[in-house]
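# Coordinate inspection notes
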Amino acid sequence: MVLDLPTPCVIVDADVLDRNLRAMATAAAGRGIALRPHAKTHKCVEIARRQVELGATGLTVATVSEAETFAAAGLDDLFIAYPVWPTRERAARLRDLASRVRLRIGVDSAESAEALARAVPGLEVLVEVDSGHHRSGVDPGAAGALADAAENSGLTVRGVFTFPGHAYGPERQRPAAEQESAALAAAAAGLGPGVRSGGSTPTAALTGTGVLTEMRPGVYVFGDAQQLELGTCEWADVALTVESTVVSRSGNQFILDAGSKVLGADRQAWATGFGRLVELPDARIVALSEHHATVALPEGMPLPRLGDVLRVVPNHVCTTVNLADELIVTAAGAEVDRWRVAARNANT
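Bear in mind that the values here come from a model prediction, so they are computed numbers and not experimental data.

### Quick look at helix H5 (residues 110-119)
Buried residues of H5: Ser112, Ala113, Ala115, Leu116, Ala117 and Ala119, and no others. Along its buried surface, H5 packs onto helix H4 (88-100), strand S5 (102-107) and helix H6 (143-153).

### Section: the pairing of strand S1 (residues 9-13)
The buried count for S1 comes to four of five residues, which makes it a mostly enclosed element. Looking at chain direction, S1 and strand S10 (residues 240-250) are connected through four bridges and run antiparallel. Opposite Cys9, over in S10, you have Glu243 as the bridge partner. With three bridges joining them, S1 and strand S16 (residues 326-331) adopt parallel strand pairing. Residue Ile11 lies in a different strand from S16, and its bridge partner there is Ile328.

### A word on the sheet that holds strand S3 (residues 59-61)
An order of S2-S9-S8-S7-S6-S5-S4-S3 is seen for the eight strands of this open sheet, with the pairing classed as parallel. Sheet topology places strand S2 (34-35) and S3 at the edges, where each strand pairs with a single neighbour. Looking at chain direction, S3 and strand S4 (residues 77-83) are connected through three bridges and run parallel. Across the sheet, Leu59 pairs through a bridge with Leu78, a residue of S4.

### Details of the layout of surface pockets
Within this model, the largest pocket holds a volume of roughly 840 Å³. His38, Lys40, Arg135, Phe163 and His316 are the residues nearest the centre of the largest pocket, which is lined by 36 residues in total. Listing elements by their share of the lining of the largest pocket, those giving two or more residues are S4 and helix H10 (317-322). Each residue belonging to the lining of the largest pocket can be placed in one class, and the counts come to 11 nonpolar, 17 polar and eight charged. The computed volume of the second largest pocket comes to approximately 400 Å³. Here the lining of the second largest pocket gets six residues from one element, more than from any other, and that element is helix H1 (residues 14-31).

Cut-offs applied
- Residues numbered from 1 in each chain as written.
- Predicted model: local features only at pLDDT ≥ 70, side-chain atom pairs only at ≥ 80, totals over all residues.
- Heavy atoms only, no water.
- Buried < 20%, exposed > 50% of the residue type's maximum accessible area, 1.4 Å probe, protein only.
- Helix = DSSP H or I, 4+ residues; strand = E, 2+ residues; numbered from the N terminus.
- Contact = heavy atoms within 4.5 Å.
- Pairing = 2+ DSSP bridges.
- 1 Å grid on protein atoms, 1.4 Å probe; cavity = no way out; pocket = protein on both sides within 12 Å on 5 of 7 lines; lining within 4 Å.
- Points joined across faces, edges and corners; volume = space filled by probe spheres on them.
- Nonpolar A, V, L, I, M, F, W, Y, C, P; charged D, E, K, R; others polar.

Next up, the structure:
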């Protein structure tokens, strides 16, 4: 069911959202693993509060400004899962945050540890290790030495963390989850007891007991086309769509009024398009311009009519949310609320 609203607009089904939130909270609790969901996906205070109500130990964020946004709303246990470099301006903000909430930050070098210790003496940190994504993070075997350097600098090391981002691809989830567990176990051996934090939406169902003490999935709240094509979620699990109007059509293609400025332009090499359509699951968005989505249909499939409103499932929902001012919340097909994307563009 679509709403009679100006398009394009971003819609959240509150019933599906709450079911997703409950399912992940139940799964984490059943394994005895703390859930610290990544709020960079939804960027909404209302969803963050619901996650905590359902048992989340706190939130994961990507930036200092995201932390500031949620701290201002009363969320008081925050982990910035990022190797923050404390410039003079950022150091002052970190000190303010640390005075108001329980704050942890990622660290992956002795140099950044020393800088953080000068900025916020005693700050709690987790050592980041590379479990195969090859982005930030040290080799697991070097985690102990980095933890010693951070402690000697004046920080408080609480454990280790990683991000198995290399799980984003067909048939990659199980190997990535296994590598994540192995990396955290090897890193923790050099530190002793403490937090062993990992997890992502593609690997969440494979996160076992014994190594991880904390998991940080994000996209599970909404689902997206990437998760559909990875098999991480089903169509019924998709809580966020973009309503868009058919404005042109020709041959076996038509144009929707939601382009890259609404959907985002992310497309993994393995993805079948730039998004999927709820009403036309065999269709593919084959091209995006700023205000146009070009949709191709299989030969012989009838085109929708001009003026029809269709629901698009974005490829990468985190980007879509960051492009929106608000999320229109529905229940049983009717609008029930509007939530501000409070941490939109909170990139510093």
